[in-house]
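Examination of the molecular architecture
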Amino acid sequence: MEEGFIDYQKVLDNEEHAIKSTQSVIQKAVDWFRSKSMFVLAYGTGCGAIEMPPTFTSRYDIERIGVVGVATPRQADILIVSGYCSYKTLKRVIRSYEQMNEPKYVIALGSCTINGGMYWDSYNTIKKLEDYIPVDMYVNGCMPRPEALIEGFVKLQANIKDAKREAGYIKYRENNAFYKTNQKKIFGDNIEPTYEANFVGMNQ
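A brief structural summary. (Residues numbered from 1 in each chain as written. Predicted model: local features only at pLDDT ≥ 70, side-chain atom pairs only at ≥ 80, totals over all residues. Heavy atoms only, no water.)

**Details of the environment of Val139**
Tracing the chain through its elements places Val139 in strand E5 (residues 137–139). Along the backbone, Val139 and Gly110 are 29 residues apart, and their C-alpha atoms lie at a distance of 6.2 Å. Those residues in contact with Val139 that sit more than four places away from it in its chain are Ile107, Ala108, Leu109, Gly110, Pro144, Ala148, Leu149 and Gly152. (Helix = DSSP H or I, 4+ residues; strand = E, 2+ residues; numbered from the N terminus. Contact = heavy atoms within 4.5 Å.)

Put into structure tokens, the structure is as follows:
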């Protein structure tokens, strides 16, 4: 009887392994498709926005690697924060980010999104974007040329396809209190409507 139980357990283990392997293959396929269909919100927040039109038009033609522009946050899964971000702009960036469907990713351009850049001592410009929304990919330069922006997309695609690091939207969901605390330091309670209800009951 004991041998029969052990043999049956091996069968169950093999079936479980087969199911997990199938799920793994399916997830890898989904991640690959996702990396090749990136919808970018048509929204320029700073001086880096001037580099986006040539990136999306005929000379550089980023659409050939699966990146296209869309008009509204509800259609988009990529938000580009293209340079400095004033408090007034930050409120719109947060609103747009929270309206985007998951999975969603943020690309930040230039030193202004890291440490404020030339506006580091400004009274109304943020110093570190990642204190307010998570950033999935930084592209350096002031401002980065289209080639650099394309390289940033290629790196982000690799991260999505291979699941090399935890996506920012998961961090935003799991550490929402941290981001909301930093946002309230600037805006107080004047950041309505809030979207925390979107995170209730959601799984990774």
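Now that the structure has been shown, we can carry on.
**Here's the deal with the side chain of Arg173**
With respect to the secondary-structure elements, Arg173 resides in helix H6 (residues 168–174). With relative accessibility at 10%, the residue Arg173 sits in the buried group. Polar contacts involving the side chain of Arg173 include one to the side chain of Glu102, which spans 2.5 Å. (Buried < 20%, exposed > 50% of the residue type's maximum accessible area, 1.4 Å probe, protein only. Polar contact = N/O pair within 3.5 Å; in protein donor to acceptor, adjacent residues only side chain to side chain.)

**A closer look at the packing of aromatic side chains**
Counting across every chain of the model gives 5 aromatic pairs. Summarising the aromatic geometry, the rings of Tyr84 and Tyr119 are spaced 5.0 Å apart at their centres and angled 50° between planes, so their arrangement reads as tilted. With a gap of 35 residues between them, Tyr84 in the loop between strand E3 (78–81) and helix H3 (87–99) and Tyr119 in the loop between helix H4 (112–115) and E5 connect regions that are remote in the sequence. Look at Tyr119 and you get partly exposed, because its relative accessible area is 30%. Considering the side-chain rings of Phe178 and Tyr179, the 5.1 Å spacing of their centres and the 75° angle between planes classify their relative orientation as edge-to-face. On the accessibility criterion, Phe178 (43% relative accessible area) is partly exposed. We classify Tyr179 as buried; its relative accessible area is 6%. (Phe/Tyr/Trp six-rings, centres within 6.5 Å; stacked < 30°, edge-to-face > 60°.)

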